Amino acid sequence: MTGLRLGYACINTQLPSPARTARLSNLTTERILELVDANLGALEAILCWNRDHEIQVFRLTSNLIPFASHPANTLPWWDIFGERLSRLGSLIRSGDMRISTHPGQYTVLSSARADVVAAAVAELDYHDRLLSSLGLDASHRIVVHVGAGVADRSAAYDRFAAGYAQLSNGAAGRLVLENDERWPLDTTLELAERLRVPVVFDVFHHALAPSLEPLGARELVLRANETWCRRDGRQEVHFSTQQAGKRPGAHAETIDFDAFDRFVDEVGDLPLDCILEVKDKEQSVIRARARQRRERSE
DNA sequence: AAACGTCAAGTTCCG
DNA sequence: CGGAACTTGACGTTT
């Protein structure tokens with residue numbers, strides 16, 4: 001398929017959450033088993049919903065296995081839930097779906113602190129183990145930000161590269177970098193090309209921290225595309241806009257069709273997997289697709 | 001039952 | 001140098 005495939009992140013507003021967790025103070029083996037069981041059930045419901053609505057792009061929540069990379073969780077969840085994970089993987093593959101994950105702000109491979117880097121490595125290895133347990137190949141990616149060290153980018157690149165070298169082969173083979181407010185696209189590309197990993201172009205973050213001017217959206221997407229090769233899977237991009245009246249950087253409640261139409265005008269013909277980062281999740285995907293269909297038929 | 005403060009984790013900025 | 005903001009959904013206690 002050519003053209004944009006639209007997807008959303010982590011939760012479906014109409015279905016139970018696959019991201020239930022516990023407090024460390026209450027954590028027991030039984031509680032973890034109960035939560036993983038519930039989260040996998042919720043994920044299955046979302047994947048079925050996505051299949052029924054022909055949505056093929058989806059981001060898995062990091063909370064699917066609570067405390068997965070934390071010393072408090074020593075359960076071999078990949079064994080205990082092996083069969084269910086494998087069945088979910090079949091559902092994903094048979095639906096020709098593209099799955100990604102996106103560890104949050106606490107996963108900092110470029111940190112100056114060795115303990116923080118070790119925790120980041122453990123977290124990224126967990127994400128790889130999850131995707132591998134689902135039976136998904138390396139085209140199903142783990143997306144991270146460059147992280148700390150904006151004051152001395154060169155030193156941060158070196159620390160990130162050293163952390164990257166500590167990853168399991170699986171995690172390293174799935175890693176993708178994303179531009180953000182602190183690491184504009186040009187700096188992200190520089191590190192990515194050094195490591196030979198692909199880059200997710202995030203339209204909103206780019207607007208907040210522009211670089212490579214005067215290139216427009218299409219040229220920037222094509223520039224990021226140079227970092228993707230065939231086995232990496234389809235190029236991923238992120239689309240969102242500013243929530244009016246909120247702090248700069250706050251994601252909008254719902255899709256902004258003026259901005260989205262402009263983006264689609266520029267890149268709608270390219271084979272992209274595009275994640276909408278909006279609070280109303282699948283609602284925006286459904287509305288955007290209805291709109292695309294209407295436009296095509298006119 | 002609804003509201004509200006808190007939660008594993010890091011980094012940066014502000015006072 | 002200590003503390004809040006950042007982002008965010010869910011938890012868990014309080015009202």
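Refer to the structure presented above.
Along every chain, residues carry numbers that run from 1 in the direction the sequence is written. As they are written, the chains are lettered A onward and the ligands numbered 1 onward, keeping that order. With the structure being a predicted model, the display of local features is reserved for residues of pLDDT at least 70 and the display and counting of side-chain atom pairs for 80 or more, all residues being used for whole-chain, interface and lining totals. For side-chain calculations, the full set of non-hydrogen atoms in the structure is used, while hydrogens and water are omitted.

(A) How the structure looks around the overall build of chain A. A count of helical and extended segments in chain A gives eleven helices and eight strands. Counting only C-alpha atoms, chain A reaches 55 × 45 × 40 Å along its principal axes. In chain A, buried positions account for 52% of the 298 residues. Contacts were defined at the residue level, with two residues in contact if any of their heavy atoms lie within 4.5 Å. In chain A, the proportion of contacts linking residues at least 24 apart, taken out of those at least 6 apart, comes to 77%. Carbon together with sulfur atoms contributes 50% to the accessible area of chain A, which is approximately 13,600 Å² in total. By the counting scheme adopted, Arg and Lys are positive, Glu and Asp are negative, and His together with the chain ends is not counted. Charge placement uses NZ in Lys and CZ in Arg. For Asp and Glu, CG and CD serve respectively. Put simply, chain A has 35 plus and 41 minus side-chain charges, and the middle of one group is 2 Å from the middle of the other. Only runs of H or I of at least four residues qualify as helices and only runs of E of at least two qualify as strands under DSSP, and these elements are numbered from the N terminus. Think of it in three bands: residues with accessible area under 20% of the maximum for their type are buried, residues over 50% are exposed, and the middle band is partly exposed, with areas taken using a 1.4 Å probe on protein chains only. Method for areas: the Shrake-Rupley scheme with a 1.4 Å probe, in which residue coverage is limited to the protein chains shown.

(B) Structural detail: the protein's contact with DNA strand B. Residues in contact with DNA strand B amount to 14 residues; listed here are only the nearest, R23, L24, Y106, S111 and G149. Neighbouring residues are identified by heavy atoms, a residue being near a molecule or strand if any of them is within 4 Å of it. Atoms of DNA strand B within 4 Å of the protein: sugar and phosphate make up 58%, bases the balance. R23 places a side-chain nitrogen or oxygen 2.5 Å from a base oxygen of DNA strand B. The contact in question runs from a phosphate oxygen of DNA strand B to an N or O atom on the backbone of L24, over 2.3 Å. Each residue is assigned to one class: nonpolar for Ala, Val, Leu, Ile, Met, Phe, Trp, Tyr, Cys and Pro, charged for Asp, Glu, Lys and Arg, and polar for all the others, Gly among them. When its residues are assigned to classes, the surface near DNA strand B shows seven nonpolar, four polar and three charged. Each polar contact in these results corresponds to two N or O atoms within 3.5 Å; when the atoms are within protein, one needs to be able to donate a hydrogen and the other to accept it, and residues that are neighboring in sequence are counted only if both atoms are side-chain atoms.

(C) Here's a closer look at the environment of G249. Positionally, G249 belongs in the loop between β7 (235-239) and α10 (257-267). In the structure, G249 is positioned 42 residues away from A207 in sequence and 9.6 Å away in space, judged by C-alpha atoms. Discounting residues that sit within four places of it in the chain, G249 has contacts with E181, F204, L208 and Q242.

(D) Looking closely at the packing of aromatic side chains. Centres within 6.5 Å make a pair out of two Phe, Tyr or Trp rings, where for Trp the six-membered ring is used; the pair is then stacked when the planes are under 30 degrees apart, edge-to-face when over 60, and tilted otherwise. Enumeration according to the criterion identifies six aromatic pairs in this entry. Measuring from ring centre to ring centre gives 5.8 Å for W77 and Y126, while their planes differ by 85°; the resulting arrangement is edge-to-face. Of this pair, W77 sits in helix α2 (residues 77-80) while Y126 sits in helix α4 (residues 114-133); the two residues are 49 residues apart in sequence, bridging distant segments of the chain. Taken as a pair, W77 and Y126 share a single burial class, namely buried. Summarising the aromatic geometry, the rings of F239 and F260 are spaced 5.4 Å apart at their centres and angled 70° between planes, so their arrangement reads as edge-to-face. Of this pair, F239 sits in strand β7 while F260 sits in helix α10; the two residues are 21 residues apart in sequence, bridging distant segments of the chain. F260 carries the same exposure label as F239, and that label is buried. Here the aromatic cluster, defined as three or more aromatic residues joined through ring pairs, consists of W77, W78 and Y126.

(E) Seen up close, the nonpolar core. Membership of the largest hydrophobic core comes to 81 residues, with the highest contact counts inside it found for L47, F160, L167, F260, F263 and L276. Sort the elements by how many residues they give to this core and helix α1 (residues 29-52) lands first, with eight residues. Ignoring sequence-local partners within four residues, the contact set of L276 consists of L6, G7, Y8, A9, F239, I255, F260, S284 and V285. Buried Ala, Val, Leu, Ile, Met, Phe, Trp, Tyr and Cys residues that are joined via side-chain atoms within 4.5 Å together make up what is termed a nonpolar core.

(F) View of a negative patch on the surface. A surface patch of negative charge is lined by E219, D265, E266 and E295. Mapping D265 onto the fold places it in helix α10. Residues enter patches when they are more than 30% accessible in relative terms and free of salt bridges; like-charged ones are connected within 9 Å and nonpolar ones (Val, Leu, Ile, Met, Phe, Trp, Tyr) within 5 Å. Within this document, salt bridges are pairs made up of a side-chain nitrogen of Lys or Arg and a carboxyl oxygen of Asp or Glu, the two lying within 4 Å of each other.

(G) Just the pattern of salt bridges, in detail. With the rule as written, the count across this model stands at 19 salt bridges. Two residues, R223 and E193, come together in a salt bridge whose shortest N-O distance is 3.0 Å. Here R223, found in helix α9 (residues 217-225), pairs with E193, found in helix α7 (residues 185-195); they are 30 residues apart in sequence, far enough to count as distant. With relative accessibility at 39%, the residue E193 sits in the partly exposed group. Taking the shortest distance from any N to any O, the salt bridge between R218 and D269 comes out at 2.9 Å. Taken together, the residues span a long stretch of sequence, with R218 in helix α9 and D269 in the loop between α10 and β8 (272-276) at a distance of 51 residues. For D269, a relative accessible area of 48% gives the class partly exposed. Each member of the salt-bridge network shares a partner with another, and the members are R5, D96, R98, R234 and D273.

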